[in-house]
Amino acid sequence: MTATRVLVLNSGSSSVKYQLLDMRDSSRLAVGLVERIGEETSRLKHTPLIGGGAEEREREEPIADHEAALKAVSAELAADGLGLDSPELAAIGHRVVHGGLKFSAPTVITDEVLAEIQRLVPVAPLHNPANITGIRTAQALRPDLPQVAVFDTAFHTTMPESAARYAIDVATADEHRVRRYGFHGTSHAYVSRETAKLLGKAPEDVNVIVLHLGNGASASAVRGGKCVDTSMGLTPLEGLVMGTRSGDVDPAVVFHLARVGGMSIDEVDALLNKKSGLIGLCGDNDMRVIRRRIDEGDEAAALAFDIYIHRLKKYIGAYYAVLGRVDAVAFTAGVGENAAPVREAAVAGLEELGLAVDGELNAVRSDEARLISPEYARVTVAVVPTDEELEIAQQTYALVGNRP
Ligand code: AMP
């Protein structure tokens, strides 16, 4: 029997998201999520997608740790005949947030690879430890199975030094591995390729600005299928205004808040990562709620929206200049795929750059990749739904699939 299934795991500090795919046709067999691991009321949501069914099953019970979480997931999958002990499972693909400079491609996980992911914990203190826990747990469950790490940073390793380096003392930067790594790479890779497909061209032949606007948000400039710049940096804090992150600020804001505001480094860290961005500006980070508040005349929400759009527009302009020629601007992720007013406002006034949005096309709601620019526009504007799990599964399967 040929093993054609791939389990994709995205392990956070207190959550595990998973999808089981059949790589013969890239179909989903099951999807789910374990939340609040380690708390009293952990929750497992599991949706089997076989046999025409898509009924979500939900369990609330204490799930102590990642091992217990994965065992619970395994039991849910087994109930539908999709157990992790199945010989049809070819590999487990793990989302790993930080791969540093070393990992420019998906990698089969060995002890050395795990040690390197561990070595990167200082530059990804929130994410890499959870990813490592997920990997170790999965390895213990199926030690015989190839486990593959797919890195959020990998797509950005093609950035030239001119884009990747901060203009700070080189020796200090190198000693502490301070440089711009970029994140959301799996999404930027997938969406830039899908955008080329939408244009009917090969990825090598198109230049794309990808705007991944979710709760986290990042932009990237992709020339001929390769990333040449991206807005996130050493950590996911840099760049666009996000749900709870500030994006770009003068670094001296940190010194000021410490020296004059009396805040600790950890407090400033939490402020910029968790209490800034849209939530810091208006108290809400959900674009749907913000739009509703704007419709009701709420000024704080309107200003938050304007700041969000202003930053987005600056990055579109910057990446236009970086690329020189732009074939398409692609909107993706929760906000990018769903918030027509964001797309309209981000492109408004950029007609001189060949950018425009057609009101009617922009208002269409769909899960499909689609064009939203008028025919006359020199640059195509598109909505291209991202699918990080599919990308992880495909990269994993390409590396280890087709085992007898
Ligand atoms: P993501 O991180 O990609 O899952 O995106 C989550 C964010 O997408 C939410 O916080 C909302 O701001 C936004 N979002 C999701 N659905 C909609 C919608 N229908 N309209 C506007 N924004 C949305």
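Not measured: the values here are computed from a predicted model.

Reading the values: rules and limits
Residues numbered from 1 in each chain as written. Predicted model: local features only at pLDDT ≥ 70, side-chain atom pairs only at ≥ 80, totals over all residues. Heavy atoms only, no water. Helix = DSSP H or I, 4+ residues; strand = E, 2+ residues; numbered from the N terminus. Rg over C-alpha atoms; globule rule 2.2 N^0.38 Å. Buried < 20%, exposed > 50% of the residue type's maximum accessible area, 1.4 Å probe, protein only. Contact = heavy atoms within 4.5 Å. Areas by Shrake-Rupley, 256 points an atom, 1.4 Å probe, with all protein chains shown as cover. Near = heavy atom within 4 Å. Polar contact = N/O pair within 3.5 Å; in protein donor to acceptor, adjacent residues only side chain to side chain. Nonpolar A, V, L, I, M, F, W, Y, C, P; charged D, E, K, R; others polar. Pairing = 2+ DSSP bridges. Axes fitted to C-alpha atoms, helices over the stretch in contact; angles between N-to-C directions. Phe/Tyr/Trp six-rings, centres within 6.5 Å; stacked < 30°, edge-to-face > 60°. Parallel < 35°, antiparallel > 145°, perpendicular 65-115°, else oblique. Left-handed = near helix turned anticlockwise from the far one by under 90°. Expected span 1.5 Å × (residues − 1).

(A) Spotlight on the overall build of the protein chain. The helix and strand inventory of the protein chain stands at 15 helices and 14 strands. Computed over the C-alpha atoms, the radius of gyration of the protein chain is 21 Å, within 12% of the 22 Å expected from 2.2 N^0.38 for a compact globule of 404 residues. Its C-alpha atoms give the protein chain principal-axis dimensions of roughly 60 × 55 × 45 Å. A burial count over the protein chain gives 51% of its 404 residues as buried. Put simply, of all contacts in the protein chain between residues at least 6 apart along the chain, 62% involve residues at least 24 apart. For the protein chain, the accessible surface area stands at approximately 18,100 Å², while carbon and sulfur atoms represent 52% of it.

(B) Spatial organisation of the site of the ligand. Taken together, Gly-214, Asn-215, Asn-285, Asp-286, Met-287, Arg-288, Ala-333, Gly-334, Val-335, Asn-338, Ala-339 and Arg-365 make up all the residues around the ligand. Within the backbone of Met-287, an N or O atom sits 2.7 Å from an oxygen atom of the ligand. Residue Gly-334 places a main-chain N or O atom 2.9 Å away from an oxygen atom belonging to the ligand. Burial of the ligand by the protein amounts to 69% of the accessible area it has alone, namely 500 Å². Among the elements of the structure, helix 10 (287-295) and helix 12 (333-338) are those that each provide at least two residues to the shell around the ligand. Among the elements that make up the shell around the ligand, the one with the highest residue count is helix 12 (4 residues). Across the shell around the ligand, the residue classes break down as 4 nonpolar, 5 polar and 3 charged.

(C) Highlighting the sheet that holds strand 9 (residues 207-213). Spatially, 11-10-9-12-14-13 is the arrangement adopted by the 6 strands of the open sheet, whose pairing is mixed. Strands with a single pairing partner mark the edges of an open sheet, and in this sheet they are strand 11 (226-230) and strand 13 (370-371). Alignment of strand 9 against strand 10 (residues 217-223), held across 7 bridges, turns out to be antiparallel. Residue pairing across strands places Val-208 opposite Val-222, the latter belonging to strand 10. Sheet strands touched by helix 13 (residues 340-347): strand 9, strand 12 (328-332), strand 13 and strand 14 (380-383). Its angle to strand 12, the strand with the most contacts, is close to 150°.

(D) Region of the structure containing the pairing of strand 11. The buried fraction of strand 11 amounts to 4 of the 5 residues, a majority that puts the element mostly inside the structure. Here 4 bridges tie strand 10 to strand 11, and the two strands are oriented antiparallel to one another. Each residue of the ladder has a partner; that of Ser-220, found in strand 11, is Thr-230. Counted along the chain from strand 10 to the antiparallel partner strand 11, the turn is 2 residues long, and its residue Gly-224 has a positive phi close to 55°.

(E) Layout of the packing of aromatic side chains. What the rule picks out here adds up to 2 aromatic pairs. Residues Phe-103 and Phe-151 carry aromatic rings whose centres are separated by 4.4 Å and whose planes lie at 5° to one another, so their mutual orientation is stacked. One end of the pair, Phe-103, is in the loop between strand 6 (89-96) and strand 7 (107-108); the other, Phe-151, is in strand 8 (residues 147-151), and 48 residues separate them in sequence. Consider the rings of Tyr-315 and Tyr-319, whose centres lie 5.7 Å apart with planes at 75°: the pair is edge-to-face. Remark: Tyr-319 and Tyr-315 occur in helix 11 (residues 299-323); sequence separation between them is 4 residues, near one turn of the helix. The residues Tyr-315 and Tyr-319 share a single accessibility class, namely buried.

(F) Structural view of the side chain of Thr-396. Inspection of the secondary structure puts Thr-396 in helix 15 (residues 388-400). Discounting chain neighbours no more than four positions away, the residues touching Thr-396 are Val-6, Ala-91, Ile-92, Gly-93, Val-148, Val-150 and Gly-401.

(G) Geometry of the packing of helix 1 (residues 66-79) against helix 3 (residues 128-141). For the pair helix 1 and helix 3, the least separation of the axes is 9 Å and the interaxial angle reads 55°. Taken together, the axis directions place helix 1 and helix 3 in an arrangement best described as oblique. Of the two elements, helix 1 crosses helix 3, and the hand of that crossing is right-handed. In contact with His-66, Glu-67, Leu-70, Lys-71 and Ser-74 of helix 1, helix 3 contributes Thr-133, Thr-137, Ala-138 and Leu-141. Residues of the contact of helix 1 with helix 3, tallied by class, amount to 3 nonpolar, 4 polar and 2 charged.

(H) Here's a closer look at helix 15. Compared with the 18 Å implied by 1.5 Å per residue over 13 residues, the 18 Å span of helix 15 between its first and last C-alpha is a close match. Among all positions of helix 15, only Leu-390, Glu-391, Ile-392, Ala-393, Thr-396, Tyr-397 and Val-400 are buried.

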